[in-house]
Amino acid sequence: VQTLRRTPLFERHAALGARLVPFAGWEMPVQYSSIGEEHHAVRTAAGVFDVSHMGQLQFSGARAHAYLQERLSNDLDRIGAGQAQYTLLTNDRGGIVDDLIVYCRSDDDCLLVVNASNVEADHAALPETADVSAEWALLAVQGPEALERLDVEVAPFTFREDVDVLGVPCLVAGTGYTGERGCELGCAPDDASRLWDAVLERGITPCGLGARDTLRLEVCYPLHGNDISPDRTPLEAGLGWACALDKEFTGVEVLRRQKEDGPAEKLVAFVMEEPGIPRQGMRIEEGGEVTSGTRSPTLGTSIGLAYVAAGRSEPGTEITVDVRGRPRRARIVKKPFYKREED
Amino acid sequence: VAAEETYPDDLKYHREHDWARIEGDTATLGVTWYAQDALGEIVHYEPPADGAALAKDESYGEVESVKAVSDIIAPLSGEVIEVNQRLLGEPETINEDPYGEGWLVRIRLSDPSEADDLLDAAGYRQLLDEQ
C-alpha cells in the first residue's frame, strides 16, 4: 500500500473544499473553485499555490559553489549571494535528470529547489547534498498584484532570508512558474498554516495544480516528466540558454556535439486549428509526439507542446495531431503563447 | 456559473451518469449533474456525426474538461437526428445547465423498450449514495 504524503497545509485544503489528487506521491489540491477562475486570478490579480511538495537539497561547505558549478548546466559564476538561477541537472547522455532553481546563499551554501518526483534522482546525482525537504514549506504567490498585497519587495531571481511576511519569518524569492510577477515564500512547516491564512486574508485566491499547469503551459515553461526527461536534452527542449557549454558539467561533451550537428527533434509550441484538445502522448502524424496540452484559459484556444523533426519545427508549419483516432490540424507558433505586459 | 445538484423526476438515468428525456420515439440525451461535477469545467464536446447510430451502453462521443477526457455512454440505441450546436462553441453550457441548454444529442429510438432498463431519479440517487 502506497501512502500519499501530505503537506503541512493539507487540513487547510480539505477545509476549503479542494479536490485532492495524487501527484508525485503527494495528496495535492488540483482545484478549489475552478481551474479557469484560479487561472484568471493569477493573470489579473493574485493567487497562492501550496508547493510544499517540492524538494530542497542543500550544500553547505567550502566547496559548495565549485561542486555545483561542475554538475549543473548553467553558469553558477554568473550569480552571487542572494541570487537565484534556473539550471538543469543532466546525465552522461546529456539528458535532463531535473530542472531546478539554485539559490546561492554564499559561496559555501547553496539551496536547490527541485521537482517533488525527482528528489531521489537528484540526491543520487548530487550525493554530497543534504535532503532538507522536511524543513521547508513553500508557497508561491503569483500575479500582478501579488507583491503589493503581501507588502513585499523582491526583484526577479533574487531572494532574501528571515524576512517578516505578514508576521511569519520567510525566505522571499522572486521566482515562480506562472509567467507573472510574484514570489515564492519558504517558511518552517510549523508556520505554514499561519502564513497561508494571512495570505488568504489579503484577498489572494487559493489555486491548485490544475491552474498551475495551464499557467505554466501558456508561457511554455517545461514540466519535467512531460516536456523534458532523462531521454531529452536541453538543446532538443529549447533550453540551450540554460547551458554553459564552455564549462564542464555532466554530459557536456554530448551537448557540444549535438549543438554542432543540430538536434534531430525540437520541442515546439502549437495551436489547434480544428476541434480537440491535445494531450501528452498523442502522435503527430508527420512525426513526433505531444508532451503537454490543454485548453488555454487566457487565449480560449487549445494549445500544446510537442517534439517534432527539427526540419519541420519552424513557426507556421502545419502539423496533424492524432486526437484519439481523429486527425486534427494544428499549427506551430512562436513560444510563448502568452507574455505578460512589461511594467 | 455551476448548476445546483438536481436529478429531475421526468428523466430516465443510466448508471454511467447519462440521462434521457423520452418523448414518443425520440429522446434527448445528456450527462447528469454528478457527471459534469466530477469532470469539472468542460472545455470541449466531441459530438457524433448527424445520422450516426448509437448503441445502448456504448460510447458515442466525448466530453473533455481542463484535465480529463471522458466517453459519453448512450443510455439508449438510436439514430442521431440533432446535435446541440451551441456546445461546439460553448461547451461550458453542460456545467451551467446539464438538463436544459446543455443537452448533447437528440436521437430517434431504434428500440423504445430499452428504456425499461434505465433508472428513475430515485433509483439513480440511490446509486450515487452507494458510491
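Residues numbered from 1 in each chain as written. Chains lettered and ligands numbered in written order. Predicted model: local features only at pLDDT ≥ 70, side-chain atom pairs only at ≥ 80, totals over all residues. Heavy atoms only, no water.

### Some points on the overall build of chain A
For clarity, the threshold we go by: Each helix is a run of DSSP H or I of at least 4 residues and each strand a run of E of at least 2, with the numbering of both proceeding from the N terminus. Both definitions apply: the radius of gyration is a C-alpha atom measure, and the globule rule equals 2.2 Å times residues to the power 0.38. The rule is simple: take the accessible area with a 1.4 Å probe, protein chains only, and divide by the maximum for that residue type; under 20% is buried, over 50% is exposed, in between is partly exposed.
Assigned secondary structure in chain A consists of eight helices and 18 strands. Relative to a compact globule of 343 residues, whose C-alpha radius of gyration would be 20 Å, chain A shows 20 Å and is just as compact. Principal-axis analysis of the C-alpha atoms places the extent of chain A at approximately 55 × 50 × 45 Å. Burial analysis of chain A (343 residues in total) assigns 57% to the buried set.

### A closer look at the overall build of chain B
What counts, and what does not: We call two residues in contact when some of their heavy atoms are within 4.5 Å. When charges are counted, neither His nor the chain ends are considered; positive counts come from Lys and Arg and negative counts from Asp and Glu. Where a charge lies is defined by one atom per residue type, namely NZ (Lys), CZ (Arg), CG (Asp) and CD (Glu).
Helix and strand counts for chain B stand at four helices and nine strands. Secondary structure of chain B in N-to-C order comes out as β-β-β-α-β-β-β-β-β-α-α-β-α. The globule rule puts the C-alpha radius of gyration for 131 residues at 14 Å, and the 13 Å found for chain B is close to it. Dimensions of chain B, computed from the C-alpha atoms along their principal axes, are close to 35 × 35 × 20 Å. For chain B, the proportion of its 131 residues judged to be buried stands at 51%. Sequence-distant contacts in chain B: of pairs separated by 6 or more residues, those separated by 24 or more amount to 64%. Of the charged side chains in chain B, 9 are positive and 31 negative, and the gap between their average positions amounts to 3 Å.

### Comments concerning the nonpolar core
Condition: Here, nonpolar core refers to any group of buried Ala, Val, Leu, Ile, Met, Phe, Trp, Tyr and Cys residues whose side-chain atoms link them within 4.5 Å.
Ranked by internal contacts, the top residues of the largest apolar core, which has 45 residues, are A:F49, A:Y103, A:L239, A:L305 and A:F337. Membership of the second largest hydrophobic core comes to 26 residues, among which are A:L147, A:C170, A:L185 and A:V199.

### Thoughts on helix α4 (residues 121–130) of chain B
Residue and element names in this part refer to chain B. The line we're drawing: The arc in question is the one spanned by the directions pointing from the helix axis to the C-beta atoms.
Buried within α4 we find A121, G123, Y124, L127 and L128. One side of α4 carries all its buried residues, which in axial view fall inside an arc of 165°. In α4, the exposed positions angled more than 90 degrees off the buried face are occupied by A122, D129 and E130. Of the surrounding secondary structure, the elements contacted by the buried residues of α4 are β1 (12–14) and α1 (33–39).

### What about the interface of chain A and chain B?
The cut-off we apply is this: By buried area we mean the combined loss of accessible area, with a 1.4 Å probe, across both parts when two parts are placed together. Salt bridges, as used here, are contacts in which a Lys or Arg side-chain nitrogen is within 4 Å of a carboxyl oxygen on Asp or Glu. Polar contact criterion, stated in full: a pair of N or O atoms within 3.5 Å, where within protein one must be able to donate a hydrogen and the other to accept it, and residues adjacent in sequence count only if both atoms are side-chain atoms.
Counting residues at the interface gives 17 residues for chain A and 15 residues for chain B. With both sides pooled, the region where chain A packs onto chain B buries about 1,200 Å², and carbon together with sulfur makes up 43% of that total. Contact with chain B buries surface across chain A, with A:R19, A:R279 and A:R324 losing the most and accounting together for 37% of the total. Summed over the shared surface of chain A and chain B, the number is seven salt bridges. The salt bridge involving B:E46 is made with A:R326; its shortest N-O contact spans 3.3 Å. At the junction of chain A and chain B, the tally comes to 14 residue pairs in polar contact (both at pLDDT 80 or more).

### Focus: the sheet that holds strand β6 (residues 96–106) of chain A
All names here are of chain A. For clarity, the cut-off: Pairs of strands are assigned from DSSP output, requiring at least two bridges between the strands.
With respect to topology, five strands assemble into an open sheet ordered β5-β6-β7-β4-β8, the strand pairing being antiparallel. Since the sheet does not close on itself, it has two edges, and those belong to β5 (83–90) and β8 (130–131), each with one partner. As paired elements, strand β4 (residues 55–60) and β8 share two bridges and run antiparallel to each other. When the sheet's bridge partners are listed, L57 is paired in β8 with D131.

### Digging into the packing of helix α2 (residues 35–44) of chain A against helix α7 (residues 209–218) of chain A
Residue and element names in this part refer to chain A. Applied cut-off: A fitted line through C-alpha atoms serves as each axis, taken over the contacting stretch for helices, and the angle formed by two N-to-C directions is quoted from 0 to 180°. Each angle receives one of four descriptions, namely roughly parallel if under 35 degrees, roughly antiparallel if over 145, roughly perpendicular if within 65 to 115, and oblique otherwise. The hand of a helix crossing depends on one turn: near helix anticlockwise from the far one by less than a right angle means left-handed, and clockwise means right-handed. Here the nonpolar group is Ala, Val, Leu, Ile, Met, Phe, Trp, Tyr, Cys and Pro; Asp, Glu, Lys and Arg are the charged ones; every other residue, Gly included, is treated as polar.
Taken N-terminus to C-terminus, the directions of α2 and α7 make an angle of 55°; their axes are 8 Å apart at the nearest point. Put simply, α2 runs oblique to α7. Crossing of α2 over α7 shows right-handed handedness. In this structure, α2 contributes I35, E38, H39, V42 and R43 to the contact, and α7 contributes G210, A211, T214, L215 and E218. Taken together, the residues that form the contact of α2 with α7 break down as four nonpolar, three polar and three charged.

### Re the packing of aromatic side chains
The geometry of an aromatic ring pair is captured by the separation of the ring centres together with the interplanar angle, meaning the angle of the planes. Put simply, the rule is: When two rings of Phe, Tyr or Trp (its six-membered ring) have centres within 6.5 Å they constitute a pair, described as stacked for plane angles under 30 degrees, edge-to-face for angles over 60, and tilted for the intermediate range.
Scanning the model with the defined rule gives nine aromatic pairs over all chains in all. Ring geometry for A:Y32 versus A:W196: centroids 6.3 Å apart, planes at 35°, classification tilted. Here A:W196 lies in helix α6 (residues 192–201) and A:Y32 lies in the loop between β2 (26–31) and α2, a separation of 164 residues in the sequence. Looking at A:Y32, the relative accessible area reads 11%, which means it is buried. Note on A:W196: relative accessible area 1%, which makes it buried. Between B:Y7 and B:Y13, the aromatic rings sit 6.4 Å apart at their centres with planes inclined by 75°, giving edge-to-face as the arrangement.

### So, the environment of A:L235
All names here are of chain A. With respect to the helices and strands, L235 occurs in the loop between α7 and α8 (252–261). The exposure class assigned to L235 is buried, which follows from its relative accessible area of 17%. Dropping the residues within four chain positions of it, L235 is found in contact with G240, L255, Q258, K259 and P263.

### With respect to the confidence of the model for chain B
Using the following cut-off: Each residue carries a pLDDT value, the predictor's own confidence for that position, ranging from 0 to 100.
When the pLDDT values of chain B are averaged, the result is 94; 99% of them are 70 or greater. The ipTM, which scores confidence in the relative placement of chains, is 0.73 for this predicted complex, and the corresponding pTM is 0.90.

### Some points on the sheet that holds strand β7 (residues 69–73) of chain B
All names here are of chain B. With antiparallel pairing, three strands are arranged side by side in an open sheet as β4-β6-β7. Every other strand in the sheet has two partners, leaving β4 (42–46) and β7 as the edge strands with one partner each. On average, adjacent strands in this sheet sit at an angle of 25° to one another, irrespective of strand direction. Relative to strand β6 (residues 59–65), β4 runs antiparallel, the two being bridged by four bridges.

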